[in-house]
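# Secondary and tertiary structure notes
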Amino acid sequence: MFSTGIGFRCIFIVSCVAVIASYRTTDEGTDSQVASKGNRSRDVHAGTVCNASYAEYIFEILNTGHQGFTITDVVKSCGCQDVGVEVGRYVKSGESLSVAYKIPIGSGGEQVGRLLIKTDSQHPRLGEIALTLRANFPRRIFSIPRELEFIKNKYGGYEPLSLVLSSDVPGVLSSLSRAEVSKGHVSVSQNMKTESAVGYEVSVVDLGSSGDAYDMVTFRFSDAITKVYGVRVKVRN
């Protein structure tokens, strides 16, 4: 059952809780361009966000039940997200709680944030309130390939693999500051750079065990929007 408000606000009712969502994106206080303004659902799409480091949706959780509830836990799908609600907050019957939920640009493309608000309500649909926010960002960084997988050659060793970063946004790669690995199973060295692409050679250096090894090559940027980009690595042993 849905009831629309005014402008970009939307309200939906699940059991005894009504959730109103208002749209907002920002880049240090500047509104960004958007293609659409969301929909009347707990799975909200904020549209295409340009020139912004994150998308934000403000959910108003309205307790229309006869009893209040206390928030016992707030679970985000990623630690990089920001949530404007605290554990321990008590929501009285008839009271509205504003929850600002922000998801960052990441590497661009569609980004999805999932938020789970747990309460002490005994009602089966009020004990957990699940919200989802989706947004499309310009895909600032690409990697070819998207992931790396090393397989032993016939001599029992591993050939180095090539990795290329590219961008469809001018100037992004000029802010690339360094490349690093998480666990030390592989090494990475730059072997090519142009205005639109940077090439690397990735080599296996230390498996550390008899089984398959996993690592992450992380590229760090001084650009305030891009910040980091990661490429997963698997070494078959």
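Residues numbered from 1 in each chain as written. Predicted model: local features only at pLDDT ≥ 70, side-chain atom pairs only at ≥ 80, totals over all residues. Heavy atoms only, no water.

### A few points about the overall build of the protein
The condition that has to hold: Each helix is a run of DSSP H or I of at least 4 residues and each strand a run of E of at least 2, with the numbering of both proceeding from the N terminus. For the exposure calls, accessible area comes from a 1.4 Å probe over protein chains only, and a residue counts as buried if that area is under 20% of its type's maximum, exposed if over 50%, partly exposed in between. Contact between two residues is taken to exist if any of their heavy atoms lie within 4.5 Å; hydrogens are not considered. For the accessible areas, the method is Shrake-Rupley and the probe is 1.4 Å, while residue cover comes only from the protein chains on display.
Looking only at helices and strands, the protein features zero helices and 19 strands. A burial count over the protein gives 39% of its 237 residues as buried. Within the protein, contacts between residues separated by at least 24 positions form 61% of all contacts whose residues are at least 6 apart in sequence. Carbon together with sulfur atoms contributes 49% to the accessible area of the protein, which is approximately 12500 Å² in total.

### Some points on the nonpolar core
Short version of the rule: The definition of a nonpolar core used throughout is a set of buried Ala, Val, Leu, Ile, Met, Phe, Trp, Tyr and Cys residues joined through side-chain atoms within 4.5 Å.
With 24 residues, the main nonpolar core has F59, I61, L97, V99, I117, L133 and A135 as its most contacted residues. Those elements that provide at least two residues to this core are strand 4 (43-48), strand 5 (54-63), strand 6 (69-76), strand 9 (96-104), strand 10 (109-119) and strand 11 (128-137). Among the elements that line this core, the one with the most residues is strand 11, at five residues. By size, the runner-up hydrophobic cluster in this structure holds 22 residues, among which are F150, L163, A213 and V231.

### Remarks on the environment of S96
Heads up, the rule is: In the analysis that follows, any N or O atom pair within 3.5 Å is treated as a polar contact, provided that within protein one partner can donate a hydrogen and the other can accept it, and provided that, for residues neighboring in sequence, both atoms belong to side chains.
Within the fold, S96 resides in strand 9. A residue is classified by how much of its surface remains accessible, and S96, at 33% relative accessible area, is partly exposed. Sequence separation between S96 and I61 is 35 residues, and the spatial gap between their C-alpha atoms is 5.4 Å. When neighbours within four sequence positions are excluded, S96 is seen to be in contact with E60, I61, L62 and R89. Separated by 3.0 Å, the side chains of S96 and E60 make a polar contact.

### Things to note about the sheet that holds strand 12 (residues 142-144)
The criterion, for reference: Between any two strands, pairing holds if DSSP finds at least two bridges. Think of each axis as a best-fit line through the C-alpha atoms, taken over the contacting stretch in the case of a helix, with angles from 0 to 180 degrees between the N-to-C directions.
Sheet architecture is open: four strands sit in the order 12-14-17-16, paired in antiparallel fashion. Across the chains shown, the open sheet's two edge strands, defined by having one partner strand only, are strand 12 and strand 16 (186-193). Taken pair by pair, the neighbouring strands of this sheet meet at an average axis angle of 25°, ignoring direction.

### Quick word on the sheet that holds strand 19 (residues 228-235)
If you walk across this open sheet you meet the four strands as 13-19-18-15, and the pairing is mixed. Edge positions in the sheet fall to strand 13 (148-150) and strand 15 (176-181), since each of these pairs with one other strand and no more. Each adjacent strand pair in this sheet contributes to an overall mean axis angle of 20°, direction not counted. By the bridge criterion, five bridges tie strand 15 to strand 18 (residues 213-221) in an arrangement that is antiparallel. The residue bridging A179 from the neighbouring strand is F219, located in strand 18.

### Observations concerning the pattern of salt bridges
Opposite charge on two side chains allows them to pair when their charged atoms are near. The condition that has to hold: Salt bridges are defined as contacts in which a side-chain nitrogen from Lys or Arg sits within 4 Å of a carboxyl oxygen from Asp or Glu.
Throughout the structure, instances matching the rule amount to five salt bridges. Here E149 and R236 are joined by a salt bridge, their closest N and O atoms 2.2 Å apart. On the criterion of sequence distance, the pair formed by E149 in strand 13 and R236 in the segment after strand 19 is long-range, its members being 87 residues apart. Between E180 and R220 there is a salt bridge whose closest N-O contact spans 2.7 Å. Of this pair, E180 sits in strand 15 while R220 sits in strand 18, and the two are 40 residues apart along the sequence. Take R220: its relative accessible area is 28%, and that puts it in the partly exposed class. Residues joined in a network through salt bridges with shared partners are R178, E180 and R220.

### What about unusual backbone geometry?
Along the chain, I144 connects to P145 via a cis peptide bond; the corresponding omega equals -5°. Within the secondary structure layout, P145 lies in the loop between strand 12 and strand 13.

### Thoughts on the side chain of N63
Residue placement: N63 occurs in strand 5. In terms of polar contacts, N63 uses its side chain to reach the backbone carbonyl oxygen of Q67, at 2.9 Å.

### Things to note about the packing of aromatic side chains
Rules: To pair, rings of Phe, Tyr and Trp, with the six-membered ring standing in for Trp, must have centres within 6.5 Å; the planes then decide the type, stacked if under 30 degrees apart, edge-to-face if over 60, and tilted in the middle.
Considering all chains together, one arrives at three aromatic pairs under this definition. Arranged with centres 6.5 Å apart and planes meeting at 85°, the rings of F150 and Y158 form a pair that is edge-to-face. When its relative accessible area of 1% is taken as the criterion, F150 is described as buried.

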